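A look at the structure
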2 protein chains.
Amino acid sequence: MDIRQKFGKRLRQLREERGWSQEEFADRAGLHRTYVSAVERGVRNPTLSVLERLAKALDIKLSELVQSV
Amino acid sequence: MDIRQKFGKRLRQLREERGWSQEEFADRAGLHRTYVSAVERGVRNPTLSVLERLAKALDIKLSELVQSV
């Protein structure tokens, strides 16, 4: 499993822990739902600034977001 | 300071702690020296897989690489 897939799994887990739909999570992060879906499926390679947006939306540190990835 | 600049400062600190030139670090990470220089200056937005390469070259976890960023 490459890092994009591992990260995608981690992101889905963090989102589902909060009971959010992809739509709600995308809105919170200021991203498109289809992009969040693609990142969760491991078929996108998010940049540092996208990772920052995702961490802020989840209200966690960037280092926590990529933990165990 | 935006996240790319904060990360660039962090990357430079980690490289210099190891006494590596940008050239040596780039070789270890399988990247071009000019790209490493640009990331350190905060003018590039590295992707997740580039972050993984940088962390592997530094022999640290991804979460450590982006700590305090």
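On a predicted model such as this, the values are computed, not experimentally measured, just so you know.

This brings us to the UniProt feature "domain: HTH cro/C1-type" (unreviewed entry) in chain A. As recorded in UniProt, the sites labelled "domain: HTH cro/C1-type" (unreviewed entry) are residues 11-65 of chain A. Taken end to end, residues 11-65 of chain A comprises 69% helix and 0% strand; its first and last C-alpha atoms sit 8 Å apart.

Listed per partner, the contact involves 15 residues of chain A and 15 residues of chain B. Contact between chain A and chain B buries roughly 1,400 Å² in total, counting both sides, with carbon and sulfur atoms accounting for 71%. By the criterion of area lost to chain B, the three top residues of chain A are A:Ile3, A:Asn45 and A:Leu48, representing 43% of everything that side buries. Linking chain A with chain B are eight residue pairs in polar contact (both at pLDDT 80 or more), by the criterion used here.

A few words now on the relation of the copies chain A and chain B. Between chain A and chain B, which share one sequence, the superposing operator has a rotation angle of 180° and an axial displacement of 0.0 Å; the RMSD is 0.0 Å. In the structure described here, the two chain copies are related by an operation that fits a two-fold rotation axis. Of the interface residues in chain A, 100% have counterparts in chain B that sit at the interface too, so the contact is made through matching surfaces.

Our next topic: the environment of B:Ala57. Residues and elements named next belong to chain B. Here Ala57 shows up in helix 4 (residues 48-58). The exposure class of Ala57 is buried, given its relative accessible area of 12%. On a C-alpha basis, the gap between Ala57 and Gly30 in space is 8.6 Å, while along the polypeptide they are 27 residues apart. Sequence-distant contacts of Ala57, defined by excluding residues within four places in its chain, comprise Trp20, Phe25, Arg28 and Ala29.

Turning to the environment of A:Glu16, a few remarks are in order. For A:Glu16, the position within the fold is in helix 1 (residues 3-17). When the C-alpha positions of A:Glu16 and A:Leu48 are compared, they lie 22 Å apart, and in sequence the two are 32 residues distant.

With that out of the way, let us pick up unusual backbone geometry. Of note in this structure, A:Ser68 is not a glycine but carries a positive phi near 55°. Relative to the helices and strands, A:Ser68 resides in the segment after helix 5 (62-65). A positive phi angle, close to 60°, is found at B:Asp59, a residue other than glycine. Tracing the backbone through its elements, the reader meets B:Asp59 in the loop between helix 4 and helix 5 (62-65). Look at B:Asp59 and you get exposed, because its relative accessible area is 68%.

Rules behind the numbers
- Within every chain, residues take consecutive numbers counted from 1 along the sequence as written.
- A letter from A marks each chain and a number from 1 marks each ligand, given out in the order of writing.
- In keeping with the predicted nature of the model, local features appear solely for residues at pLDDT of at least 70, side-chain atom pairs appear and are counted solely at 80 or more, and the whole-chain, interface and lining totals rest on all residues.
- The basis for every side-chain value is the complete set of heavy atoms in the structure, and neither hydrogens nor water enter the calculation.
- UniProt positions are given in the numbering used here, feature names are shortened, and annotations may be inferred rather than shown by experiment.
- Under the scheme used here, helices are H or I runs from DSSP no shorter than 4 residues and strands are E runs no shorter than 2 residues, and both carry numbers assigned from the N terminus.
- Here, two residues are considered to be in contact whenever any of their heavy atoms come within 4.5 Å of each other.
- A 1.4 Å probe defines the accessible area here, and the buried area is the portion of it lost by two parts on being joined, summed over both.
- Polar contacts here mean pairs of N or O atoms no more than 3.5 Å apart (in protein, one a potential hydrogen donor and the other a potential acceptor; neighbouring residues in sequence count only if both atoms are side-chain atoms).
- When the copies are superposed, the least-squares fit draws on C-alpha atoms of residues that have pLDDT of at least 70 in both.
- Think of it in three bands: residues with accessible area under 20% of the maximum for their type are buried, residues over 50% are exposed, and the middle band is partly exposed, with areas taken using a 1.4 Å probe on protein chains only.

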